[in-house]
Amino acid sequence: MKLYSLIYLPLAFGLPTQDSHDPEHNDPGKGHGKGYGHGNGNDTWPGKHPEYPPDYTKDPKERAAAVKEAFQYAWDGYYKYAFPNDELRPLNNSFSNSRNGWGASAADALSTALVMECPEIVNQIIAYVPTIDWSVSYQDEAVSLFETTIRYLGGLLSGYDLLSGPLLHLAENPDYVPDLLNQAANLANNLSYAFETPTGIPYNNLIFSDRSNDGSTTNGLATIGTLVLEWTRLSDLTGNETYAQLTQQAESYLLNPQPAYNVPWPGLLGTNVDISTGLFTDASGGWNGGDDSYYEYLIKMYVYDSARFGVYRDHWITAADSTIEHLASHPSSRPDLTFLAQYDNRTLDKTSGHLACFDGGNFILGGLVLDEQKYIDFGLQLVEGCEDTYNQTLTGIGPEAFAWDNSSVPADQAEFYERAGFYITNSQYILRPEVLESFYYAYRATGDSKYQEYSWNGFKAINATCRTGSGFAEITDVNAENGGSFQNFQDSFLFAEVLKYSYLIHTDEAPWQVNSGGVNEYVYNTEAHPFKVAGTPV
């Protein structure tokens, strides 16, 4: 469906776009072959395998070095066989372009390479960024406003913040640093026509070749509510308020949700919003994928600037209090564990997944910045539940999805449910970070070394099971020996999130660390890209 045939929104808002051209692309990697797990997941492990990484080490510096080595290994495979495409296919040394062919792994790796102080990688990426033409999507595939914002826009803005501040010395050519911000603005300009709707609620799936969209009549809670941090940061850095205004207008329908009957409990919303009217079309939701990062960004906007975004804080408090009262759930076989149920109106669904395991970290962050111990304590309960999903499986890695409804336990998982407190509904692990993310927040809040142990155990399991070929691959079954079989894909968030959180939990104080000196000078977007806060650090 064409939006407007004569006037494109970027022009209407005074935001220039890049001219389209048809770049040459190599064919994407098509390999979907699956290998089978074996001892360490990689036959060419550098160093003295199996002593490396040292399983026994308690030294945080050695642990951080082991994570950094894994990052370098994953980058080397990507750079050799896939760059500047989006992702590496590590089993057959090919590539894919699931994120429009602009180099998603490079964008997602930049902030991690910076905090790890990997100058060669940093300079490879910042030299590439000025060459990207955002106006052309690989094979004219749809552009996700949400994914493009959190990965590309977030990665560039974070790189700019870090290279303009504490890590400037890592740029061999400082002239490339302003290009990060310029290219972030160019990208947002190309995306901005998404907001030209009757309400200002954007379309999520965009067709750049004719400035149209996929014809959807609704957009989702997370895909609407996970834009405001990045686009507000872009406005603050460029001085152009349009970017912030676009996303904050869309957010206003989430902060004042209608109709009221689609808000089951105060602060807990439905999932789908009509783009034309701004009305919620259902009362289903929770803290799982599709809804998750709306709640995440409410408190993070307050961290970003407490003076401007107190209303966002208030909405987070309301949602958090309702969550504790109505969604906290304890498996019948393991009442010591706490998970968050989903809901359809006020009917609870005792299912969750890896994506939702960011929730503990988000409650902990809220407790830190609001000085409310009850949120920290509840967040730590959620962390223990998600840690259980890791330590109960054969691989030591948690599944993509799980449940704890004792009336629906599969017969072949009855014994597992009695021991673990959950049963597996999707056994894959696709290199997700959320459990490691919450370990990081738990450690930064408490200083308790047990969370470093949790993180180290998770990293070791991922390194041992998923590391294969020229990088890291997804696995089919976390509760099968060696993870079942491999899936030939290394997602960009391995660089942005998994390895960043695994690294930072073992490293010294730095301005970008959460709760550094009791305040947050940076706030992490949902892809783990740290932004310099605009207000007084809280």
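Residues numbered from 1 in each chain as written. Predicted model: local features only at pLDDT ≥ 70, side-chain atom pairs only at ≥ 80, totals over all residues. Heavy atoms only, no water.

A. Structural context of the overall build of the protein. Tallying secondary structure elements over the protein gives 17 helices and 21 strands in all. Evaluated residue by residue, the protein yields a buried proportion of 63% over its 538 residues. When contacts within the protein are restricted to residue pairs at least 6 apart in sequence, those whose partners lie at least 24 apart make up 72%. Element-wise, carbon and sulfur atoms account for 48% of the exposed surface of the protein, whose accessible area totals about 18,900 Å². (Helix = DSSP H or I, 4+ residues; strand = E, 2+ residues; numbered from the N terminus. Buried < 20%, exposed > 50% of the residue type's maximum accessible area, 1.4 Å probe, protein only. Contact = heavy atoms within 4.5 Å. Areas by Shrake-Rupley, 256 points an atom, 1.4 Å probe, with all protein chains shown as cover.)

B. Main features of the sheet that holds strand β12 (residues 347-349). Across the sheet, which stays open at both edges, the 3 strands sit in the order β8-β11-β12 with antiparallel pairing between neighbours. In the strand order of this sheet, the two ends are held by β8 (284-285) and β12, each with one partner. (Pairing = 2+ DSSP bridges.)

C. Seen up close, the layout of surface pockets. When its volume is computed, the largest pocket comes out at roughly 480 Å³. Looking at the largest pocket, it is lined by 27 residues, and the ones nearest its centre are Phe-146, Glu-147, Ile-150, Leu-355 and Arg-432. Here the lining of the largest pocket takes 4 residues from helix α5 (residues 145-163), the largest share from any one element. Here the residues of the lining of the largest pocket are counted per class, giving 9 nonpolar, 7 polar and 11 charged. (1 Å grid on protein atoms, 1.4 Å probe; cavity = no way out; pocket = protein on both sides within 12 Å on 5 of 7 lines; lining within 4 Å. Points joined across faces, edges and corners; volume = space filled by probe spheres on them. Nonpolar A, V, L, I, M, F, W, Y, C, P; charged D, E, K, R; others polar.)

D. Representation of the state of the cysteines within the structure. For the coordinates displayed, the defined rule picks out 1 disulfide. A disulfide bridge connects Cys-357 with Cys-386, and the sulfur atoms are separated by 2.0 Å. Since a negative S-S torsion denotes a left-handed disulfide, the Cys-357-Cys-386 link at about -90 degrees is left-handed. Remark: Cys-386 occurs in helix α13 (residues 373-391) and Cys-357 occurs in the loop between β13 (351-353) and α12 (359-370); sequence separation between them is 29 residues. (Disulfide = S-S within 2.5 Å.)

E. The pattern of salt bridges, seen in detail. This model, assessed by the stated rule, comprises 19 salt bridges. Overlapping salt bridges, with partners in common, bring together Arg-99, Glu-147, Arg-151, Asp-491 and Glu-527 in one network. (Salt bridge = Lys/Arg side-chain N within 4 Å of Asp/Glu carboxyl O.)

F. Broad picture of the packing of helix α16 (residues 449-466) against helix α17 (residues 493-504). Interaxial distance between α16 and α17 falls to 9 Å at its minimum, and their mutual angle equals 135 degrees. As judged from the angle between their axes, α16 and α17 are oblique. Considering only the axes of α16 and α17, their crossing is left-handed. Across the interface between the two elements, Ser-455, Phe-459 and Ile-462 from α16 touch Val-498, Leu-499, Tyr-501 and Ser-502 from α17. (Axes fitted to C-alpha atoms, helices over the stretch in contact; angles between N-to-C directions. Parallel < 35°, antiparallel > 145°, perpendicular 65-115°, else oblique. Left-handed = near helix turned anticlockwise from the far one by under 90°.)

G. Examining the sheet that holds strand β15 (residues 423-426) more closely. Across the sheet, 3 strands lie side by side as β13-β14-β15; this open sheet has antiparallel pairing. In this open sheet, the two strands that pair with only one neighbour each are β13 and β15. On average, adjacent strands in this sheet sit at an angle of 35 degrees to one another, irrespective of strand direction. Note: strand β14 (residues 401-403) against β15, 3 bridges, orientation antiparallel. Across the sheet, the residue bridging to Ala-401 is Asn-426, located in β15.

H. Molecular detail of the packing of helix α3 (residues 104-115) against helix α4 (residues 119-128). Two elements in contact, α3 and α4, have axes whose closest approach is 9 Å; the angle formed by their N-to-C orientations is 145 degrees. α4 is crossed by α3, and the crossing has left-handed handedness. Contacts between α3 and α4 pair Ala-106, Ala-109, Leu-110, Ala-113 and Leu-114 from the former with Ile-121, Val-122, Ile-125 and Ile-126 from the latter. The class makeup of the residues in the contact of α3 with α4 is 9 nonpolar, no polar and no charged.

I. α3, seen in detail. Burial runs high along α3: 12 of the 12 residues are buried. Phi for Glu-117, located one or two positions after α3, is positive at around 55 degrees.

J. Fine view of the nonpolar core. Core analysis: the largest hydrophobic core is formed by 163 residues, its most contacted members being Trp-231, Tyr-295 and Tyr-429. Counting residues per element, this core draws most heavily on α5, at 10 residues. Looking at which domains feed residues into this core, each of domain 1 (99-328 + 507-537) and domain 2 (330-494) supplies at least three. Among residues more than four places away in sequence, those in contact with Trp-231 are Leu-145, Thr-149, Leu-153, Ala-188, Leu-191, Ser-192, Phe-195, Tyr-243, Ala-244, Leu-246 and Thr-247. (Core = buried A, V, L, I, M, F, W, Y, C linked by side-chain atoms within 4.5 Å. Domains from an automatic or database assignment.)

K. View of the side chain of Asn-262. Secondary-structure assignment places Asn-262 in the loop between α9 (242-255) and β7 (272-274). A distance of 2.9 Å separates a polar atom in the side chain of Asn-262 from the backbone oxygen of Phe-280. (Polar contact = N/O pair within 3.5 Å; in protein donor to acceptor, adjacent residues only side chain to side chain.)

L. Spotlight on the packing of aromatic side chains. Following the criterion strictly, the structure yields 39 aromatic pairs and no others. Ring geometry for Trp-102 against Phe-208: centres 6.1 Å apart, planes inclined by 35 degrees, an arrangement best described as tilted. Taken together, the residues span a long stretch of sequence, with Trp-102 in the loop between β2 (94-96) and α3 and Phe-208 in the loop between β4 (205-207) and β5 (212-213) at a distance of 106 residues. Each of the two residues, Trp-102 as well as Phe-208, counts as buried. Consider the rings of Tyr-417 and Tyr-423, whose centres lie 6.1 Å apart with planes at 65 degrees: the pair is edge-to-face. Tyr-423 matches Tyr-417 in its accessibility class, with the two residues each being buried. Residue placement shows Arg-467 over the ring face of Tyr-73; its charged tip is 4.1 Å from the ring centre. (Phe/Tyr/Trp six-rings, centres within 6.5 Å; stacked < 30°, edge-to-face > 60°. Lys NZ or Arg CZ within 6 Å of the ring centre and 35° of its normal.)

M. Highlighting the UniProt feature "binding site: Ca(2+)" (unreviewed entry) in the protein. In the numbering used here, UniProt assigns the feature "binding site: Ca(2+)" (unreviewed entry) to Thr-526. The class for Thr-526 is buried, based on a relative accessible area of 16%. With sequence-adjacent residues up to four places away left out, Thr-526 is seen in contact with Ile-150, Thr-226, Ser-293, Glu-296, Tyr-297 and Glu-497. In terms of polar contacts, Thr-526 uses its side chain to reach the side chain of Glu-296, at 2.8 Å. (UniProt positions renumbered as here; feature names shortened; annotations may be inferred.)

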